[in-house]
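Examining the three-dimensional arrangement
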Amino acid sequence: MNVAIVVAAGSGTRLGGNRPKQFLELGGVPIIIHALRQFERCHDINEIVTVLPAEATAGFSSQAKAFGLRKLSRVVAGGETRAQSVRHGLAAISDAEIVAVHDGVRPFVTPEEIARVVQAAKASGAAVLVAPVADTIKEVEGNRIVRTVTRSSLRRALTPQCFRLEILQRAYEALDQAEAAGVEVTDESFLVERLGVEIVAVEGSARNIKITREEDLTLAEAILESVVRGQ
Ligand code: C5P
C-alpha cells in the first residue's frame, strides 16, 4: 500500500491577506482540493493523509467527500515548520510500502508524474521529482557575486518526494537535532541525503509550480486554463 502525505498547514502569509494560500480558489476549487485530486486519480496511491492548520481540520473530510475524494483517510493538524507538519502526517501512518510527500500548494502535478516517482521509489527506495534550472545561478555574499554554479548539474526539487516508509521514518529521527542546530529543513530529500541513501531524480514538468506569491496565482490561472483546454 502506498500513502500520500499532502502538507497544507502553512500560514501562507507571503501572499498577503488572511487566508492561507492553499485555501484560495482556482477555477472555483480550493488549491488544496486540486492537489488532492491528482493523488485521488493516481492508481499507485491507495490512501491520502492531509495536514492542515489546526483550525481548518474540522469539517475538511466532509468538504473533501463533496469534491469526490475517496482516498482521504486522515486529516491531521500541522506543526510550526513544514518538516514538523510532515512528521505529524507520518505519525498517522502505521503501514505503507511507499510514502509520497507533496506540497498542498502544488496543484498541477499530474497522476502520471506521481506514478513515475512512486515506481522509482519502489525500485530504489527513494525518488524525488525535479525540474531543470532555466536561469544561471550565482552564489552571493552580501551583494557580491562570488561564484557561478554549473547549471547543467542543477535541478529544482519539486514534490512529490517518495520513500520507503522505513527510510522516511529513519530520516525524520534527525529532525529535532537539525532544527535545534538552526538548519532549515525545506524538503524530505535533505534529511534522506544525510542518511547516505541514494535518491533517484525523476524529471518532471515545470508546470508543477508551488503557489507562494501573488504573481504565482496569475500564472496558476493561466496553467489551469491550458489544462482545461487540454494543451
Ligand atoms: O513554506 P513552504 O512554501 O515551503 O510550504 C510548502 C508546503 O508546506 C505548503 O503546502 C504549506 O502549506 C506546507 N506547510 C505546512 N506546515 C508548515 C509550513 C508549511 O504544512 N508549518
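Since this is a predicted model, take the numbers as computed values, not measurements.

**A closer look at the overall build of the chain**
Per the secondary structure count, the chain includes 8 helices and 11 strands. For 231 residues, the compact-globule estimate of 2.2 N^0.38 gives 17 Å, and the C-alpha radius of gyration of the chain, at 17 Å, lies within 12% of that figure. In terms of overall dimensions, the chain has C-alpha extents of about 55 × 40 × 35 Å along its principal axes. By the burial criterion, 47% of the 231 residues in the chain qualify as buried. Across the chain, the fraction of contacts at a sequence separation of at least 24, relative to all contacts at a separation of at least 6, is 75%. Total accessible area computed for the chain in this model is approximately 11,600 Å², and 48% of it derives from carbon and sulfur atoms. If the 27 positive side-chain charges of the chain are averaged to one point and the 29 negative ones to another, these points end up 3 Å apart.

**Quick notes on the pattern of salt bridges**
The tally for this structure, following the rule as stated, stands at 10 salt bridges. Residues E97 and K122 are paired through a salt bridge, measuring 3.9 Å at the closest nitrogen-oxygen approach. With E97 in the loop between α3 (82–91) and β6 (98–103) and K122 in helix α4 (residues 111–124), the pair connects residues that are 25 residues apart, well separated along the chain. Owing to a relative accessible area of 35%, E97 belongs among the partly exposed residues under this scheme. Between E166 and R170 there is a salt bridge, with the nearest N and O atoms lying 2.7 Å from each other. Taken as a pair, E166 and R170 lie in helix α5 (residues 165–172) at a separation of 4 residues, close to a single helical turn. Within this structure, R82, D103, R106 and E188 form a network of salt bridges that share partners.

**Some details on the site of the ligand**
With respect to spatial proximity, 16 residues lie near the ligand, and among them V7, A9, G10, S85 and K210 are the closest. At a separation of 2.8 Å, an oxygen atom of the ligand approaches a polar backbone atom of V7. Measuring from a nitrogen atom of the ligand, one finds a backbone N or O atom of E80 at 3.2 Å. Across the complex, the protein chains shield 87% of the 460 Å² of accessible surface that the ligand would expose by itself.

**Things to note about the sheet that holds strand β4 (residues 47–52)**
Strands sit in the order β5-β4-β1-β6-β10-β7-β11 across an open sheet of 7 strands; the sheet is mixed. The open sheet is flanked by β5 (72–77) and β11 (200–203), the only strands paired with a single partner. Ignoring which end each strand starts from, the neighbouring axes of this sheet average 25° apart. With 5 bridges joining them, strand β1 (residues 2–7) and β4 adopt parallel strand pairing. What sits directly across from I5, in β4, is V49. Relative to β4, helix α1 (residues 31–41) is tilted by about 160°, and along the sheet it contacts β1, β4, β6 and β10 (155–164).

**Let's talk about the state of the cysteines**
For the structure shown, the criterion picks out 0 disulfides. In this structure C42 is not part of a disulfide, and its nearest cysteine sulfur, from C162, lies 8.8 Å away. According to the relative accessible area criterion, C42 is buried, its value standing at 1%.

What counts and how
- Position labels on residues start from 1 in each chain and follow its written sequence.
- At least 70 in pLDDT is required for a residue's local features to be given in this predicted model, at least 80 for side-chain atom pairs to be given and counted, and no such filter applies to totals for whole chains, interfaces and linings, which use all residues.
- In computing side-chain properties, one takes all heavy atoms of the structure into account and sets aside hydrogens as well as water.
- Under the scheme used here, helices are H or I runs from DSSP no shorter than 4 residues and strands are E runs no shorter than 2 residues, and both carry numbers assigned from the N terminus.
- Throughout, the radius of gyration refers to the C-alpha atoms, and the reference size of a globule is 2.2 Å times the residue count to the power 0.38.
- Here's how the labels work: a residue is buried when its accessible area is under 20% of the maximum for its type, exposed when over 50%, partly exposed in between, all with a 1.4 Å probe on protein chains only.
- Two residues form a contact once any of their heavy atoms are found within 4.5 Å.
- Accessibility throughout is a Shrake-Rupley quantity obtained with a 1.4 Å probe, and a residue counts as covered only by protein chains that appear here.
- Charged residues are defined narrowly, with Lys and Arg counted positive, Asp and Glu counted negative, and His plus the chain ends left uncounted.
- Note that the charge is assigned to NZ on lysines, CZ on arginines, CG on aspartates and CD on glutamates.
- Here, a salt bridge means any side-chain nitrogen of Lys or Arg that lies within 4 Å of a carboxyl oxygen of Asp or Glu.
- Whether a residue is near a molecule or strand is decided by its heavy atoms; if any one of them lies within 4 Å of it, the residue is near.
- Polar contacts, as used here, are pairs of N or O atoms within 3.5 Å; protein pairs need one atom able to donate a hydrogen and one able to accept it. Residues neighboring in sequence count only if both atoms are side-chain atoms.
- For two strands to pair, DSSP has to find at least two bridges joining them.
- Whenever a helix is involved, its axis is fitted only over the stretch in contact; in every case the axis is a line through C-alpha atoms, and angles between N-to-C directions fall within 0 to 180 degrees.
- Two cysteine sulfur atoms make up a disulfide if the distance between them is within 2.5 Å.

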